[in-house]
Amino acid sequence: MNSLFIKYKSVIKFILTFLLVYALLSVVNKLYLQYSHGSKFYPDYMTNLVSLQIETLLNSFGYQTQVVPHPAEPSMKLILNGKYLARIIEGCNAISVVILFLSFIVAFSGKLKTTFFYILSGSVLIYAVNLLRIVILTLGLYHYPEYSDVLHTVIFPGIIYGMVFLLWIFWVNRFSKLNKNNA
């Protein structure tokens, strides 16, 4: 048994670190959501911010866009050219995706400075791509409503999670300590 632990020590360390960081950040996010209830930024600050940025981006493309608080649930209603198209919920703000990304990078950490800057730049990239993803999804829903299911459940989650996967692969191959140990 002890030889198995020694043999798979790096795998066990990765799994435990990943789970610990993921659980800790998920609890912090849950507390953030719990305590942001009733704040002036409905439904929470990050979802509100994403909603306003989506509104600004769509307006800059020449669409008449409004985001307004949903009266029946914690979300923002997205209205494009007078047509209610979608809800922007907490899951649309990319925080859970950033938590997943960050947990993996920490579990496969490299040098402290490199790890910090990769997490920072990767998180900003995820956030920006998520905004573009929502804008493109909104335009797809507006112009091609018959494809709403495949757009929302297959293509656009694939874009954001596919990008996170590529960021992980790049990290492991270029910067993680694991790669240095096996070189």
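The coordinates are above.
In what follows, the accompanying structure is described. What you see is a predicted model, and the numbers here were worked out from it, not measured in a lab.

The next thing to look at is the side chain of S36. Mapped onto the elements, S36 comes out in helix 2 (residues 9–36). Not counting residues up to four positions away in its chain, the partners in contact with S36 are P43 and D44.

Another point: the sheet that holds strand 3 (residues 83–88). Read from one edge of the open sheet, 3 strands run 1-2-3, paired in antiparallel fashion. Edge strands, defined here as strands with exactly one partner in the open sheet, are strand 1 (65–69) and strand 3. Here the average twist between neighbouring strands, direction ignored, is 25 degrees. Sheet topology note: the strand 1/strand 2 (residues 76–80) ladder contains 5 bridges and is antiparallel. Looking at the pairing, V68 lines up with K77 of strand 2. Each of strand 1, strand 2 and strand 3 touches helix 3 (residues 45–60); the most contacted strand, strand 1, lies at about 160 degrees to it. Its contacts with the sheet put helix 5 (residues 112–143) on strand 2 and strand 3, and the angle it makes with strand 3 is roughly 145 degrees.

Counted under the stated rule, the structure contains 15 aromatic pairs. Relative to Y45, the ring of F41 has its centre 5.0 Å away and its plane inclined at 90 degrees; by these criteria the two rings are edge-to-face. Looking at Y45, the relative accessible area reads 41%, which means it is partly exposed. With centroids separated by 6.0 Å and ring planes inclined at 35 degrees, the aromatic side chains of F101 and Y118 adopt a geometry described as tilted. Remark: Y118 occurs in helix 5 and F101 occurs in helix 4 (residues 95–107); sequence separation between them is 17 residues. For F101, a relative accessible area of 0% corresponds to the buried category.

Conventions used here
- Counting restarts for each chain: residues are numbered from 1 in the order of the written sequence.
- Totals for whole chains, interfaces and linings use every residue, but because this is a predicted model, local features are given only for residues with pLDDT of at least 70 and side-chain atom pairs only at 80 or more, for both listing and counting.
- Side-chain measures were taken over the full set of non-hydrogen atoms in the model, leaving aside hydrogen atoms and water.
- Here a strand is any run of E in DSSP of at least two residues, a helix any run of H or I of at least four, and the numbering for each starts at the N terminus.
- Any two residues whose heavy atoms approach within 4.5 Å at even a single point are treated as in contact.
- Two strands qualify as a pair provided DSSP detects at least 2 bridges between them.
- Here an angle of 0 to 180 degrees is reported between the N-to-C directions of two axes, which are lines fitted to C-alpha atoms, with helices fitted over the stretch in contact.
- Aromatic pairing here means that ring centres of Phe, Tyr or Trp (its six-membered ring) are within 6.5 Å. Orientation follows from the plane angle: under 30 degrees is stacked, over 60 is edge-to-face, and everything else is tilted.
- Partly exposed residues are those whose accessible area sits between 20% and 50% of the maximum for their type, while under 20% is buried and over 50% is exposed, using a 1.4 Å probe and protein chains only.

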